[in-house]
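If you want the building blocks of each chain, they are given just below.
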Amino acid sequence: MHKTRLYIAGAFVAPQAQGYFPAIDPATEAPFAEVAAGQAADIDRAVRAAREAFDTGIWSELSGTSRAAMLRLVAQGLRARLAEIAALEVRDNGKPLPEAEWDVGDAAFAFDYYADLAEARDSDPEEPVDVGDARFAATIRREPLGVVAAITPWNFPLLMAVWKVAPALAAGCTIVLKPSELCSLSCEVLAQIIHAAGIPPGVFNLVTGTGPEAGQPLADHPLIDKVAFTGSVATGRKVMMAAAAGIRTVALELGGKSPFVIFADCDLDKAVEWILFGIFWNKGEVCSATSRVLVERSLYPALLARLQQATEAIPIGAGSMPGVKLGPIVSQGQYDKICAAIAAGKASGARLVTGGDRPEGLTRGYFLRPTIFADVPTDSALWREEIFGPVVCVNPFDTEAEAVAEANDSAYGLAGAVMSDDLQRCERVARKLRAGIIWVNCSQPTFTQLPWGGVKASGIGRELGRAGFEAYFETKQITRFDSRQTWGWYLGRDA
């Protein structure tokens with residue numbers, strides 16, 4: 001059975017405590033690898049290696065072009081090992097193979113995209129500013145922020161890590177990555193590819209382990225300059241408190257309960273297709289999943305009937321099986337949480353349309369039939385709290401204003417979607433929805449070139465796009481006085 005290793009200061013090493021925990025295949029419930037259980041001592045080694053690498057300038061002082069060349073080698077390495085990494089993610093996470101292949105391809109593209117931005121930075125290192133006094137020449141300079149702690153989730157194990165690693169490295173930062181203990185294996189392959197690309201020792205470090213034993217010491221470490229976290233609101237609060245204690249930058253992506261507003265004038269099959277994609281892609285283990293669907297009342301009965309029919313036809317099974325479009329839930333713990341949410345939904349008075357139980361014939365593995373609730377009480381946990389699984393709530397509405405108000409009545413604000421053949425109405429609703437990401441006549445398409453992040457309890461800051469690159473810089477002003485001039489405030493001359 002494969003034993004993973006940590007990657008610290010350019011070397012693959014065992015954890016100091018020599019501890020390991022099993023990686024479980026969610027389709028079989030069987031262990032298939034042993035994951036290195038890093039602890040505070042390993043985190044300290046990794047952070048100090050990143051600190052030294054940053055402070056010596058072996059990465060931050062390279063030209064953007066030089067960094068870009070190595071980042072493109074990482075992209076090439078990911079593409080060369082795409083089939084291997086995708087198969088590993090299927091076994092570790094449970095997602096269907098085509099989805100995993102898509103994720104690895106997106107991760108490779110992200111390294112190329114941020115390599116381009118790093119290279120472009122060389123031609124514009126400082127921005128001159130006219131301060132209105134000819135004796136002064138002022139510029140604004142953007143410099144790498146420093147040492148980054150990246151704590152990433154299990155739903156897109158490689159891709160979510162790359163969303164932080166690629167822009168941080170492109171900006172000239174050094175980084176310590178702590179992936180979720182539920183899905184760590186593809187990040188070890190990422191470390192191997194980064195090592196082979198020749199990125200200097202200490203610039204990228206990987207420490208696997210649990211949240212309490214590795215994640216918390218990383219967030220708390222005094223030599224960290226920024227903590228970038230994706231995960232639950234509860235853990236995000238702890239990360240933010242640790243960042244506040246150290247007066248350091250923090251970026252939080254904390255999920256959501258995203259609405260999808262569907263008007264009666266849209267094509268029924270198109271609406272159903274995007275509802276399915278919006279909630280059942282990646283088994284609903286998606287922070288932006290459009291899990292609250294609001295349907296104009298005149299379309300409501302027909303849409304529910306067609307949605308039920310399509311949902312019940314989704315092929316379920318191990319992610320490695322051809323044709324499967326819904327794999328197992330990632331872990332026993334997550335499976336139990338989703339089942340508890342379904343039970344609470346039934347108790348709340350919501351109408352269970354379909355699903356909510358184990359598929360026939362799948363006696364092992366964390367399999368769950370995709371689930372639809374209708375007529376859901378809007379004050380229930382089912383409607384208001386993130387479930388992070390293949391469970392969708394559908395309610396009717398009568399007016400546009402009612403739909404917008406209900407969509408915005410949430411503690412979250414990561415994403416939202418609207419569907420209508422009336423494009424003016426779509427634009428109106430899109431501007432009124434309080435969220436960082438809005439989709440019109442679709443749900444969930446994600447592009448590296450566009451910023452990603454939310455408002456309210458969905459988090460702080462943005463990843464991806466140019467914003468995701470700029471988030472790893474600090475702004476410095478440099479003001480230069482013309483030495484041929486005299487200031488003279490204290491020496492008797494006029495200023």
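Preceding this paragraph is the structure being described.
The rules behind each value
Residues numbered from 1 in each chain as written. Predicted model: local features only at pLDDT ≥ 70, side-chain atom pairs only at ≥ 80, totals over all residues. Heavy atoms only, no water. 1 Å grid on protein atoms, 1.4 Å probe; cavity = no way out; pocket = protein on both sides within 12 Å on 5 of 7 lines; lining within 4 Å. Points joined across faces, edges and corners; volume = space filled by probe spheres on them. Helix = DSSP H or I, 4+ residues; strand = E, 2+ residues; numbered from the N terminus. Nonpolar A, V, L, I, M, F, W, Y, C, P; charged D, E, K, R; others polar. Pairing = 2+ DSSP bridges. Contact = heavy atoms within 4.5 Å. Axes fitted to C-alpha atoms, helices over the stretch in contact; angles between N-to-C directions. Patch = residues over 30% accessible without salt bridge, like charges linked within 9 Å, V, L, I, M, F, W, Y side chains within 5 Å. Areas by Shrake-Rupley, 256 points an atom, 1.4 Å probe, with all protein chains shown as cover. Salt bridge = Lys/Arg side-chain N within 4 Å of Asp/Glu carboxyl O. Buried < 20%, exposed > 50% of the residue type's maximum accessible area, 1.4 Å probe, protein only. Core = buried A, V, L, I, M, F, W, Y, C linked by side-chain atoms within 4.5 Å. Polar contact = N/O pair within 3.5 Å; in protein donor to acceptor, adjacent residues only side chain to side chain.

Draft legend 1. Geometry of empty space enclosed by the protein. By the definition in use, this model includes three cavities of 30 Å³ or more. By volume, the largest cavity amounts to about 90 Å³. Ala251, Leu252, Ile460, Arg462 and Glu463 are, among the 15 residues lining the largest cavity, the residues nearest its centre. Where the lining of the largest cavity is concerned, the elements lending two or more residues are strand S11 (226-230) and strand S12 (249-253). Here the residues of the lining of the largest cavity are counted per class, giving eight nonpolar, two polar and five charged.

Draft legend 2. Spotlight on the sheet that holds strand S1 (residues 2-3). One open sheet accounts for three strands, arranged S1-S5-S4; its pairing is mixed. Among the strands making up the open sheet, the edge pair consists of S1 and strand S4 (20-25). Across six bridges, S4 lies against strand S5 (residues 30-36) in antiparallel orientation. Within S5, the residue paired with Ala23 across the bridge is Ala33. In this fold helix H3 (residues 82-93) packs onto S4 and S5, with an angle of close to 95 degrees to the strand it touches most, S4. Across the face of the sheet, helix H6 (residues 185-196) comes into contact with S1, S4 and S5 while running at roughly 45 degrees to S5.

Draft legend 3. Geometry of a nonpolar patch on the surface. A cluster of nonpolar side chains, namely Phe481, Trp487, Trp489, Tyr490 and Leu491, defines an oily patch on the protein surface of about 700 Å² accessible area. For Leu491, a relative accessible area of 69% puts it in the exposed group.

Draft legend 4. Structural context of the sheet that holds strand S15 (residues 351-354). Read across the sheet, seven strands follow the order S15-S16-S17-S14-S13-S18-S19 without closing on themselves; strand pairing throughout is mixed. Two strands bound the open sheet, and with one partner strand each, they are S15 and strand S19 (437-440). Ignoring which end each strand starts from, the neighbouring axes of this sheet average 20 degrees apart. Pairing analysis gives five bridges linking strand S14 (residues 292-296) to strand S17 (residues 391-397), with the strands arranged parallel. The residue bridging Arg292 from the neighbouring strand is Cys393, located in S17. Its contacts with the sheet place helix H13 (residues 400-408) against strand S13 (259-262), S14 and S17, and it is angled at close to 175 degrees to S14.

Draft legend 5. Region of the structure containing the layout of surface pockets. Looking at the largest pocket, its volume works out to about 1200 Å³. Lining the largest pocket are 45 residues, and of these Trp154, Gly231, Ser232, Thr235 and Lys337 lie nearest its centre. Going through the elements one at a time, helix H7 (211-220), S11, helix H8 (233-246), helix H11 (332-347) and helix H12 (381-384) are the ones with two or more residues in the lining of the largest pocket. It is H11 that provides the largest number of residues to the lining of the largest pocket, a total of seven residues. Reported here for the second largest pocket is a volume of approximately 450 Å³. In terms of lining, the second largest pocket is formed by 23 residues, of which the most central are Asp106, Leu159, Gln444, Pro445 and Thr446. Among the secondary structure elements, those contributing two or more residues to the lining of the second largest pocket are helix H4 (97-121), helix H5 (157-171) and helix H9 (268-280). Here the residues of the lining of the second largest pocket sort into 15 nonpolar, six polar and two charged.

Draft legend 6. Structural view of the pattern of salt bridges. Here the structure, examined in full by the defined rule, presents 30 salt bridges. Among the salt bridges present, the one from Asp265 reaches Arg425, with a minimum N-O distance of 3.0 Å. With Asp265 in the loop between S13 and H9 and Arg425 in helix H14 (residues 423-432), the pair connects residues that are 160 residues apart, well separated along the chain. Note on Arg425: relative accessible area 15%, which makes it buried. Taken together, the salt bridges that share partners define one network made up of Glu126, Arg141, Glu143, Lys476 and Arg480.

Draft legend 7. Structural context of the pairing of strand S18 (residues 415-419). Most of S18 is tucked away, with five of its five residues classed as buried. Every second residue of S18 is oriented toward a common face, with Ala415, Ala417 and Met419 on one face and Gly416 and Val418 on the other, all of them buried. Sheet topology places S13 next to S18; three bridges connect them, and they run parallel. By the bridge assignment, Phe260 is partnered in S18 with Ala417.

Draft legend 8. Geometry of the nonpolar core. In this structure, Leu78, Phe111, Phe204 and Ile262 are the most contacted members of the largest nonpolar core, which totals 98 residues. Element by element, the count of residues in this core is highest for H5, at 12 residues. Not counting chain neighbours up to four residues away, the residues in contact with Phe111 comprise Leu71, Val74, Ala75, Leu78, Val162, Val165, Ala166 and Leu190. Counting residues in hydrophobic clusters, the runner-up holds 29 residues, among them Ile8, Ala149, Leu218 and Val250.

Draft legend 9. The environment of Val286, seen in detail. Examined against the element boundaries, Val286 turns out to sit in the loop between H9 and S14. The buried category is assigned to Val286, whose relative accessible area is 8%. With residues near it in sequence (within four places) discarded, Val286 still touches Asn155, Phe156, Trp281, Glu386, Phe388 and Gln444.

Draft legend 10. Molecular detail of unusual backbone geometry. In the Ramachandran plot, Asp375 falls in the positive-phi region, its phi being about 50 degrees despite a non-glycine side chain. Positioned with a positive phi, Lys456 is a non-glycine residue whose angle comes to about 55 degrees. On the basis of relative accessible area, Lys456 is assigned to the partly exposed category, the value being 31%.

Draft legend 11. Expanded view of the side chain of Glu463. Its place among the elements puts Glu463 in the loop between strand S20 (459-460) and helix H15 (465-470). You can call Glu463 buried: its relative accessible area is 10%. One polar contact links Glu463 to Lys164, side chain to side chain, over a distance of 2.7 Å. Those residues in contact with Glu463 that lie beyond four places of it in its chain are Trp163, Lys164, Thr230, Leu450, Pro451, Trp452 and Gly468.

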